[in-house]
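# Survey of secondary and tertiary structure
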Amino acid sequence: MDGDGASRGQPMLEKRSSHRERHFTAGEVVRDVIMGVSDGLTVPFALAAGLSGASAPSSLVLTAGLAEVAAGAISMGLGGYLAAQSEADHYKREMKREQEEIITVPDTEAAEIGEIMSQYGLEPHEYGPVIDGLRRNPQAWLEFMMRFELGLEKPDPKRALQSACTIALSYVIGGLVPLLPYMFISTAQNAMLTSVGVTLVALLFFGYIKGRFTGNRPFTSAVQTAIIGALASAAAYGMAKAVQAR
């Protein structure tokens, strides 16, 4: 009977050991891509459409659009770099402060561990050994406080440069989409109509891919992205036309 129990238990153990959890861990990269492509699809389109309405030739629209894409990519990339660097600097400042508190007021910090643990329904006799273990390991104690007390994750030291490059490249890719028709159609008005269709298709495709990566409904994400992008483009186009009317 013991042998039968072992034989029955073995497949269950093997089944459990073969389990692989799949979690999406590239949230920051996807966020940067979304930011870059979204702006890249809308801003150059609005500029190109505004110039097309002013009866500018396609060559001029394309030149101005490419210049805007270059400037926008640099600006967006720099903004992403500064934002990521600010997060890293904030983490360093808070870590230094927390480290000083662990040294100067260890009992107070230990009591804070208990407060954190109690929020998860643990009793003092259950989290007491955890506190003792952390007090014997200052580095683990510091990391615990940073994550669970302050809610801060240790930033990747390469994050700032990666964010800048990702946003800038995404902006360039997105920005070239509405400008493609102006490369092949000499009449700006006709190119603008084609650009509207190409940009709308790109927004739908981008929204679908975004939904797949973020775990949302792809088709719903596609429609939402297209609507938001269309509204943003229309607003920017309307502002450009209003300025030209003066």
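Note that the structure is a prediction, hence the values are computed from the model and not measured. (Residues numbered from 1 in each chain as written. Predicted model: local features only at pLDDT ≥ 70, side-chain atom pairs only at ≥ 80, totals over all residues. Heavy atoms only, no water.)

Turning our attention to the packing of helix 3 (residues 58-104) against helix 6 (residues 138-149). Interhelical geometry of helix 3 versus helix 6 gives an angle of 125° and a closest axis separation of 10 Å. Classified by the angle between their axes, helix 3 and helix 6 sit oblique to one another. Here helix 3 and helix 6 pass one another in a crossing that is right-handed. Contacts from Tyr91, Glu94, Met95, Glu98, Gln99 and Ile102 of helix 3 reach helix 6 at Trp141, Leu142, Met145, Met146 and Glu149. Looking at the contact of helix 3 with helix 6 residue by residue, the classes come out as 7 nonpolar, 1 polar and 3 charged. (Axes fitted to C-alpha atoms, helices over the stretch in contact; angles between N-to-C directions. Helix = DSSP H or I, 4+ residues; strand = E, 2+ residues; numbered from the N terminus. Parallel < 35°, antiparallel > 145°, perpendicular 65-115°, else oblique. Left-handed = near helix turned anticlockwise from the far one by under 90°. Contact = heavy atoms within 4.5 Å. Nonpolar A, V, L, I, M, F, W, Y, C, P; charged D, E, K, R; others polar.)

Turning our eyes to something else, we now look at the packing of aromatic side chains. This structure, assessed with the given rule, holds 2 aromatic pairs. Ring geometry for Phe144 against Phe148: centres 4.8 Å apart, planes inclined by 35°, an arrangement best described as tilted. With Phe144 and Phe148 both in helix 6 and 4 residues apart, this pair spans about one turn of that helix. Overall, Phe144 belongs to the buried group, its relative accessible area being 13%. Their ring planes at 65° and their centres at 5.3 Å tell us that Tyr208 and Phe219 sit as a pair that is edge-to-face. (Phe/Tyr/Trp six-rings, centres within 6.5 Å; stacked < 30°, edge-to-face > 60°. Buried < 20%, exposed > 50% of the residue type's maximum accessible area, 1.4 Å probe, protein only.)

Ile113, Trp141 and Phe144 are the most contacted members of the largest nonpolar core, which totals 15 residues. When contributions to this core are tallied by element, the ones reaching two or more residues are helix 3, helix 4 (106-118), helix 5 (124-135) and helix 6. Phe144 has contacts with Ile113, Ile116, Met117, Leu134 and Glu149, leaving out every residue within four places of it along the chain. Within the second largest apolar cluster, 12 residues are counted, among which are Phe45, Ala49, Leu62 and Ala188. (Core = buried A, V, L, I, M, F, W, Y, C linked by side-chain atoms within 4.5 Å.)

Attention shifts here to helix 5. With 12 residues, helix 5 should reach 16 Å at 1.5 Å per residue; the first-to-last C-alpha distance of 16 Å fits that figure. Along helix 5, the residues classified as buried are Tyr127, Ile131 and Leu134. Looking down the long axis of helix 5, one finds its buried residues gathered within 65° of arc, a one-sided arrangement. Opposite the packed face of helix 5, turned more than 90 degrees from it, sit the exposed residues His125 and Pro129. For helix 5, the elements touching its buried residues are helix 4 and helix 6. (Expected span 1.5 Å × (residues − 1). Arc of directions from axis to C-beta.)

Here helix 4 is 13 residues long and its end C-alpha atoms lie 18 Å apart, about the 18 Å a rise of 1.5 Å per residue gives. Every buried residue belonging to helix 4 is among Glu109, Ala110, Ile113, Gly114, Ile116 and Met117, and all of these are buried. In a view along the axis of helix 4, the buried residues occupy a sector of 160°, so they form one face of it. Among the exposed residues of helix 4, those pointing more than 90 degrees away from its buried face are Asp107 and Glu115. Along its buried surface, helix 4 packs onto helix 3, helix 5 and helix 6.

Note on placement: Val130 falls in helix 5. Since its relative accessible area comes to 35%, Val130 is described here as partly exposed. A sequence separation of 16 residues divides Val130 from Gly114, and the C-alpha atoms of the two residues are 9.1 Å apart.

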